[in-house]
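Each chain, letter by letter, is given below.
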Amino acid sequence: QVRMVDSGGGLVQAGGSLRLSCSASGPSESLLSVKGWVWYRQAPGAQREVVASLYRDGRVEYVDAVKGRFTISGDWLKYKADLQMNSLKPEDTGVYYCNIWPSGARWGQGTQVTVDP
């Protein structure tokens, strides 16, 4: 089964930037089926929500709250994805997770992002 590892979180002041990274590992046949990367965020007391998505066909999608501030990128050969987060706001605080699409993988541990006002 494919597994995810998330990293790059931290504590930052409002207006600052962070770059999150994730990697997928597992059976080759499973990795070859990866057609997209999806970053999720789980704020305290809230459900996990999609923040950004990147697909092999070039489509990129962002939730309205992060448009113009976050940029998703992916390395299809190395099975890695990044999320560049600029102009961070306190409401961006949460645990961030990355996963593959469409098959999904075992969730990683997530990476905590805390934005102080």
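Conventions adopted
Residue numbers run consecutively from 1 along every chain, following the written order of its sequence. Selection of residues for local features in this predicted model requires a pLDDT of at least 70, selection of side-chain atom pairs for listing and counting requires 80 or more, and totals for whole chains, interfaces and linings are taken over all residues. With hydrogens and water excluded, all non-hydrogen atoms of the structure serve as input to the side-chain values. Throughout, disulfides are identified as pairs of cysteine sulfur atoms within 2.5 Å of each other. Going along the chain from the N terminus, every DSSP run of H or I of four or more residues is numbered as a helix, and every run of E of two or more is numbered as a strand. Each residue is placed in one exposure class: buried if its accessible area under a 1.4 Å probe, protein chains only, is under 20% of its type's maximum, exposed if it is over 50%, and partly exposed if it falls in between. What we call a nonpolar core is a set of buried Ala, Val, Leu, Ile, Met, Phe, Trp, Tyr and Cys residues that are connected through their side-chain atoms within 4.5 Å. By the convention used here, residues are in contact when the closest approach between their heavy atoms is within 4.5 Å. Pairing between strands is defined by DSSP: at least two bridges between them are needed. All axes are obtained by fitting lines to C-alpha atoms, using only the stretch in contact for helices, and the reported angles, taken between N-to-C directions, cover 0 to 180 degrees.

K.L.:
For this particular structure, what's the right way to read the state of the cysteines?
P.N.:
Formally, a disulfide is one covalent bond, and it connects the sulfur atom of one cysteine to the sulfur atom of another. As enumerated under the stated definition, the model contains one disulfide in all. For C22, the disulfide goes to C98, at an S-S distance of 2.2 Å. One end of the pair, C22, is in strand β3 (residues 18–25); the other, C98, is in strand β9 (residues 94–101), and 76 residues separate them in sequence. In this structure C98 comes out as buried when scored by relative accessible area, which is 0%.

K.L.:
Any chance you could explain the nonpolar core here in plain terms?
P.N.:
Inside soluble globular proteins, nonpolar side chains tend to come together where they are buried. Within the largest apolar cluster, 28 residues are counted, with the highest numbers of intra-cluster contacts made by M4, W37, W39, L83, M85 and Y96. Mapped onto this core, the elements with two or more residues apiece are β3, β4 (36–42), β5 (48–55), β7 (70–75), β8 (80–85), β9 and β10 (111–116). The element contributing the most residues to this core is β3, with four residues. Beyond its immediate stretch of four places on either side in the chain, L83 contacts L18, R19, L20, W39, A52, F70, T71, I72 and Y96.

K.L.:
Sorry, what's going on with the sheet that holds β5 here?
P.N.:
Two modes of strand pairing occur in sheets, parallel and antiparallel, and in both the strands are linked by backbone hydrogen bonds. Sheet architecture is open: six strands sit in the order β2-β10-β9-β4-β5-β6, paired in mixed fashion. Of all the strands in the sheet, just β2 (10–13) and β6 (60–62) have a single pairing partner and so form its edges. Each strand axis lies, on average, 25 degrees off the axis of its neighbour in the sheet, ignoring direction. With seven bridges connecting them, β4 and β5 associate as antiparallel partners. Across the sheet, W37 pairs through a bridge with L54, a residue of β5.

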